[in-house]
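Here is how the chains run, residue by residue.
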Amino acid sequence: MAGIQIIETPEVIAESRVAIIAGRYNQDIVERLVIGCMETLLQKGLHEESISLVRVPGAFELPLLAKVLAKRNDIDAIIALGAVIKGDTAHFEYVSGECARGLSSVALECEKPIVFGVLTVDDEQQAWARAGEGTDNKGVEAANTALEMISIMHRVNDDR
């Protein structure tokens, strides 16, 4: 068995294919996440035709689509983007909890990076702060995480 290799700065694999799945609920906020994510993937060297964008009604629907896409061989990672803003009812807890649990379950079952870029915030102000310009944008963070995980998974799988 080969020794454990430390992977500190994974390289971007230009031929990687990424699917972005985005909820339409709180669309203005989610759109800022999508833009930050797409721009980052392109800046890091992915080709536009290697990036797919699929929209679903809201965060609750993200895990099902993630599972369908994760089973495809032509996708290396999935980035789930959405925004769940706490209201006066328990709806927030159900939606955000099931979304997180579902996406985590898909990643473990399918052994494919599923990046959680869903904002779960107390109010709209917090959501806008996380959908702003630059590195504070959680779409940017999700894109960087996806690229790093693709690289790590390639390296780890090559060592088998």
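Description of the structure in this document.

Calculation notes
Counting starts from 1 at the beginning of each chain's written sequence and moves along it residue by residue. Reporting in this predicted model follows two pLDDT cut-offs: at least 70 for local features of residues, and 80 or more for side-chain atom pairs to be given and counted; totals over whole chains, interfaces and linings ignore these cut-offs and use all residues. With hydrogens and water stripped out, all remaining heavy atoms of the structure feed into the side-chain values. In what follows, salt bridge is the name for a side-chain nitrogen of Lys or Arg lying within 4 Å of a carboxyl oxygen of Asp or Glu. Numbering of helices and strands runs from the N terminus; a helix is a DSSP stretch of H or I covering at least four residues, while a strand is a stretch of E covering at least two. Relative accessibility under 20% of the residue-type maximum defines a buried residue, over 50% an exposed one, and the middle range a partly exposed one, all with a 1.4 Å probe and only protein chains included. Throughout, the arc means that of the directions going from the helix axis to the C-beta atoms. Note on definitions: a residue-residue contact is assigned when non-hydrogen atoms from the two residues lie within 4.5 Å. When DSSP finds two or more bridges between a pair of strands, those strands are recorded as paired. Helix axes are fitted to C-alpha atoms over the stretch in contact, other axes to C-alpha atoms as well, and angles between N-to-C directions run from 0 to 180 degrees.

1. So, the pattern of salt bridges
(1) Moving on: By the definition in use, this model includes seven salt bridges.
(2) Moving on: Here Asp76 makes a salt bridge to Arg17, at a shortest N to O gap of 3.3 Å. Pair noted here: Asp76 is in the loop between α2 (62-70) and β3 (77-85) and Arg17 is in the segment before β1 (18-23), with a separation of 59 residues, a long-range link.
(3) Moving on: Taking relative accessible area as the criterion, Asp76 reaches 16% and is therefore assigned buried.

2. Quick notes on the environment of Gly87
(1) Moving on: By secondary structure assignment, the location of Gly87 is in the loop between β3 and α3 (91-110).
(2) Moving on: Along the primary structure Gly87 and Val121 are separated by 34 residues, whereas in three dimensions their C-alpha atoms are 9.8 Å apart.

3. Re α2
(1) Moving on: For α2, every residue scored as buried is listed here: Leu62, Pro63, Leu65, Ala66, Leu69 and Ala70. Seen along its axis, α2 keeps its buried residues to an arc of 165°; they face one direction.
(2) Moving on: In the core, the buried residues of α2 are packed alongside β1, β2 (51-56), β3, α3 and β4 (114-121).

4. Some words on the sheet that holds β1
(1) Moving on: The four strands lie next to each other as β2-β1-β3-β4, forming an open sheet whose pairing is parallel. Two strands bound the open sheet, and with one partner strand each, they are β2 and β4. Each strand axis lies, on average, 15° off the axis of its neighbour in the sheet, ignoring direction.
(2) Moving on: Bridge count between β3 and β4: eight bridges; the pairing is parallel. When the sheet's bridge partners are listed, Ala83 is paired in β4 with Leu119.
(3) Moving on: Most of the contacts of α3 go to β4, to which it runs at about 170°, and overall it touches β3 and β4.
(4) Moving on: Contacts between helix α5 (residues 138-158) and the sheet are confined to β1, β3 and β4, with β3 contributing the most and set at about 155° to the helix.

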